[in-house]
Amino acid sequence: MLDVREINTYYGLSHILFDVSLSVHKGEIVCLLGRNGAGKSTTMKSIMGLTPPKQGEITLKGDRVTGCPPYQMCRRGVGFVPDDRRVFADLSVGENLEISARPCQGSDGWDKERVYGFFPALSALDRRRAGVLSGGEQQMLTIGRALITNPDLLLLDEPTEGLAPIIVEMLEEKILELKASGLSVLLAEQNQNVALRLSDRAYIIDNGHIRYQGSIEELRQDEAVRQKYLLV
Amino acid sequence: MELFPSLSFSVLCIQILVGLSKATILFIVASGLTLILGVLRIPNLAHGSLYMIGAFTTYSIATAFSQSNLGFWVALLLAPLVVALIGLIMEQGLFRFLYKRDHLMMLLFTFSFTLVFADLVKLVWGSDYRSLAVPKIFQGSYLLLGMPFPRYNLFLLLLGPLFAAGLWYLTNRTLLGKISRAAAVDREMVGAVGVNVNLVYAAVFVLGCYLAGIGGALVAPTQNISQGMDHSIIIEIFLIVIIGGLGNVWGALLGAVIFGLTDAIGILVAPQFGIVFPYLAVITVLTFRPKGLLKSIW
Ligand SMILES: Nc1ncnc2c1ncn2[C@@H]1O[C@H](COP(=O)(O)OP(=O)(O)OP(=O)(O)O)[C@@H](O)[C@H]1O
Ligand SMILES: [Mg+2]
């Protein structure tokens, strides 16, 4: 599905990602774990084309997509859920979804009804200004907004950060439901509990370097690695 | 009433209507400016020049078709399209490469366009002023409250709400409008949900220029069409946009009404200082609401 090979990303002159490589296969949830400032969000944004890497290569479903602008990444099937949510605050919930809707090739595509069916809490908020939603509602909206672009791969950047445990639990269920429907997910997380529960494989990023990769089972066993890179 | 003997009730009413009909043109031009300012973040000083080009083009087209009664109407249809085309060339040829530059650069850049356009107008139309007759069906006046009220001003008065409704529909009910409202705040994220923002920017820029062209066409029969009309309008519409709230179309409407009314009433109350009144209104508004009356997008 997604293959990232040795990308290097800069903000201005500061070098943030160093030869980051990772891959996501079809139908898999892969997590990218790391501390504050490790480079998770930068990796996500680099894949999406928001902060294009200076070197390295990104392939999506076999096509080279390095340097594609974000709107093309989206149309090629990458849904993006940023860490700061970034709902279109002045638009209603319904309008947020309308302007994000992209046609899909298959028959069982996402439309507004399906998003509202998936997140019933949103359907009552259709005409509400997105800016006044609670954190949990906004997170549902950002995920719904990504889904309605009909992606094959979802980039989820800390989707559960700062949310109440009951909402976190609901979102985790939903993410597993999406996986069951065949969607691939790259999940950036600081919270290893969430990541360990959801993922099939894991990468650990630290200071812009990938320090570890392995199955979730291996990571669960490997106390030392978790100690070294994840505990504060 | 004793203070101002000329200020009878009917005179005041007529003057208010005249002010509102002028506000229509100000609103149409200012809404174009504020759309471009809000969505693309370009403070387009050349907006007034496009308005002037719209007026001159209207003169030329209307004169070319002067045998028929439809000269002005053909011009009203075509001249704004000519201006929109100029806008398209500006956007595609230059502006789209500069969106990442800071606002000061943009301001200077659009300023250079005002100079280019001023020379261009001089080159094409010479430095004499032109004047255009009011279209046949709107010549003459109606009697309102016993006072004559020019028919053409009534036409403008009716157009105002029509354009306001049209712009409301565009921004709130069409996909382009919704995307523009989102792009005004978070361009990057609009791209990340699959929208080609460059196309949206081009569309909004061209639409804004088109509105400048309409304003120029509508004003053509009401005043001398001359060099320098770019300067006077750009000052007025920038003030209107500022007191209304940057990037806010309803702010432009409110600002235009304030500007038109204070101008018209000022002329009535103190003819020799009439011109001062709109500026006093601007100062008053900005003293109490430095960011404008309605929500600024900036
Ligand atoms: N816009 C920016 N300009 C300059 N430096 C930045 C910018 N955004 C992030 N950085 C730096 O890049 C590094 C990686 O940041 P990034 O946001 O990718 O981390 P993260 O792993 O997502 O952290 P968090 O868990 O806090 O979200 C940090 O050192 C940060 O200070
Ligand atoms: Mg982050």
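These lines cover the structure that appears in this document, whether it is placed above or below.

Rules of the game
Residues numbered from 1 in each chain as written. Chains lettered and ligands numbered in written order. Predicted model: local features only at pLDDT ≥ 70, side-chain atom pairs only at ≥ 80, totals over all residues. Heavy atoms only, no water. Contact = heavy atoms within 4.5 Å. Buried area = accessible area lost by both parts, 1.4 Å probe. Salt bridge = Lys/Arg side-chain N within 4 Å of Asp/Glu carboxyl O. Polar contact = N/O pair within 3.5 Å; in protein donor to acceptor, adjacent residues only side chain to side chain. Helix = DSSP H or I, 4+ residues; strand = E, 2+ residues; numbered from the N terminus. Pairing = 2+ DSSP bridges. Axes fitted to C-alpha atoms, helices over the stretch in contact; angles between N-to-C directions. Near = heavy atom within 4 Å. Areas by Shrake-Rupley, 256 points an atom, 1.4 Å probe, with all protein chains shown as cover. Nonpolar A, V, L, I, M, F, W, Y, C, P; charged D, E, K, R; others polar. Phe/Tyr/Trp six-rings, centres within 6.5 Å; stacked < 30°, edge-to-face > 60°. Buried < 20%, exposed > 50% of the residue type's maximum accessible area, 1.4 Å probe, protein only.

A closer look at the interface of chain A and chain B
One widely used convention gives an interface's size as the accessible area the parts lose upon coming together. Across the contact, 19 residues belong to chain A and 18 residues belong to chain B. Carbon and sulfur atoms supply 56% of the area that chain A and chain B bury against each other, a total of about 1700 Å² over both sides. For the interface between chain A and chain B, the tally reads five salt bridges. Two residues, lysine 295 of chain B and aspartate 90 of chain A, come together in a salt bridge whose shortest N-O distance is 3.2 Å. One can count nine residue pairs in polar contact (both at pLDDT 80 or more) joining chain A with chain B. Mapped by element, the contributors of at least two residues to the side of chain A that touches chain B are α2 (70-75) and α3 (93-100) of chain A.

Observations regarding the sheet that holds strand β3 (residues 29-33) of chain A
All names here are of chain A. Taken together, the six strands give an open sheet; going across it, the order is β6-β7-β8-β3-β9-β10, and neighbouring strands pair in mixed fashion. Whereas interior strands pair on both sides, the edge strands pair on one side only; in this sheet they are β6 (78-81) and β10 (209-215). On average, each strand axis in the sheet is inclined to that of its neighbour by 15°, with strand direction left out of account. Of the pairings in the sheet, the one linking β3 to strand β8 (residues 184-189) comprises five bridges and is parallel in character. Paired with valine 30 across the two strands is leucine 186, which belongs to β8.

Regarding the site of ligand 1
All names here are of chain A. The environment of ligand 1 is formed by Tyr11, Ile16, Arg35, Asn36, Gly37, Ala38, Gly39, Lys40, Ser41, Thr42, Glu158 and Gln190. Between glutamine 190 and ligand 1, the recorded distance is 3.0 Å, taken from a side-chain N or O atom to an oxygen atom. Protein burial of ligand 1: of its 630 Å² of free accessible surface, 59% is covered by the chains. Ranked by residue count, the leading element in the shell around ligand 1 is helix α1 (residues 40-48), at three residues. In terms of residue class, the shell around ligand 1 is made up of three nonpolar, six polar and three charged.

Considering the packing of aromatic side chains
All names here are of chain B. Within this structure, the stated rule accounts for 17 aromatic pairs over all chains. Look at phenylalanine 95 and phenylalanine 205: their rings are 5.2 Å apart centre to centre, the planes differ by 35°, and that puts the pair in the tilted class. Here the residue phenylalanine 95 occupies a position in the loop between α3 (71-93) and α4 (103-125), and phenylalanine 205 occupies one in helix α8 (residues 197-219), the gap between them amounting to 110 residues. Each member of the pair, phenylalanine 95 together with phenylalanine 205, is buried. Between tyrosine 99 and tyrosine 201, the ring centres sit 4.9 Å apart and the planes meet at 85°, which makes this aromatic pair edge-to-face. Separated by 102 residues along the polypeptide, tyrosine 99 in the loop between α3 and α4 and tyrosine 201 in helix α8 bring together distant segments of the chain.

Take it as geometry only, folks, not as evidence of what the structure does.
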